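Chain by chain, the residues:
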Amino acid sequence: MSNFKVKLNKIRAFAFDVDGVFTDGQVLATENGDLLRSHNAKDGFAVRVAVINNYPVAIITGGSSESIALRFIQIGVPKEDIYLKSICKLPDFEDFLKRHNLSADEVLYMGDDIPDIGILKSCGVSACPADAVNEVKDVCQYISLYGGGKGCARDVIEQTLKIQGRWADATEAYSG
Ligand SMILES: [Mg+2]
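Keep in mind that this is a model prediction, so the values were computed, not measured.

Keep in mind that most residues, glycine aside, have a negative phi and that most peptide bonds are trans. With phi around 70°, Asn 54 is a residue other than glycine that occupies positive phi space. As for its position among the elements, Asn 54 is in the loop between α2 (41–52) and β4 (57–60). Taking the C-beta count within 10 Å as the criterion, Asn 54 has 9 such neighbours and is therefore assigned exposed. Phi is positive for Lys 85, which is not a glycine, with a value near 50°. Judged by local crowding, Lys 85 falls into the exposed class, with 10 C-beta atoms found within 10 Å.

Alternating positions in β4 separate into two faces, Val 57 and Ile 59 on one and Ala 58 and Ile 60 on the other, with burial throughout. With two bridges joining them, β4 and strand β5 (residues 82–83) adopt parallel strand pairing. Bridge pairing in β5 places Ile 60 opposite Tyr 83. Regarding the hand of the β-α-β motif, the stretch spanning β4, helix α3 (residues 66–74) and β5 is right-handed.

If you trace the six strands from one edge of the open sheet to the other, you get β5-β4-β1-β6-β7-β8, paired in parallel fashion. For this open sheet the edge positions go to β5 and β8 (142–143), each flanked by a neighbour on one side alone. Here strand β6 (residues 107–110) runs beside strand β7 (residues 125–128); their pairing, made up of three bridges, is parallel. What sits directly across from Tyr 109, in β7, is Ser 126. Sitting on the sheet, helix α4 (residues 89–99) touches β1 (13–16), β4, β5 and β6, and the angle it makes with β4 is about 160°.

With that settled, the discussion passes to the nonpolar core. One finds Phe 14, Ala 15, Ile 59, Leu 108, Met 110 and Ala 153 to be the most contacted residues of the largest nonpolar core, which totals 46 residues. Of all the elements, helix α7 (residues 152–163) adds the most residues to this core, at five residues. Beyond its immediate chain neighbours, meaning those up to four positions away, Ala 153 contacts Phe 16, Val 21, Phe 22, Asp 43, Ala 46, Val 47 and Met 110.

Along a regular strand, successive side chains alternate from one face of the sheet to the other. Neither face of β1 is left uncovered, since the one carrying Ala 13 and Ala 15 and the one carrying Phe 14 and Phe 16 both have all their residues buried. Sheet topology note: the β1/β6 ladder contains four bridges and is parallel. Paired with Phe 16 across the two strands is Met 110, which belongs to β6. The pairing of β1 with β4 spans three bridges and is parallel.

Cut-off values and rules
Residues numbered from 1 in each chain as written. Predicted model: local features only at pLDDT ≥ 70, side-chain atom pairs only at ≥ 80, totals over all residues. Helix = DSSP H or I, 4+ residues; strand = E, 2+ residues; numbered from the N terminus. Buried ≥ 20, exposed ≤ 12 C-beta atoms within 10 Å, placed from the backbone. Pairing = 2+ DSSP bridges. Right-handed = clockwise from strand over helix to strand, strands pointing away. Contact = placed C-beta atoms within 7 Å. Axes fitted to C-alpha atoms, helices over the stretch in contact; angles between N-to-C directions. Core = buried A, V, L, I, M, F, W, Y, C linked by C-beta atoms within 7 Å.

The structure is reproduced here in structure tokens:
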């Protein structure tokens, strides 16, 4: 079993970047200035399962659109765990740890670009999508086989809950 899988046993919470993780990184700029993003339902389901099973999930993004917050509120993430306009991300990550009484090594973080490196270097399990930038891949313990917007968040949540023996029970209510 890889070191990555062993480390997943310790994970009690997740934190994610948005653009390039829950999306493929593209934003559709509309005439009124809104930015539209396409999310993956498989990722959304995994986030919902994690939250319901008492794994706090933080969303830490440089994006500012309220639509980002609404998307994650709809799948169960409390508003206070959604950090928009997070340019320097590490202080927001530390705020999340403090509010949930977590240590950094109990959190898996996934990001795809340079603003994520500070958190990736300080969290317990650092992960990135298959199409993350090279600087991020260089510091990550795990590179998903799935790209941004293609199920990479689902990948790490599912692997974590499975290795902890929680996935089957956590998803049973949805499988009937
Ligand atoms: Mg990103």
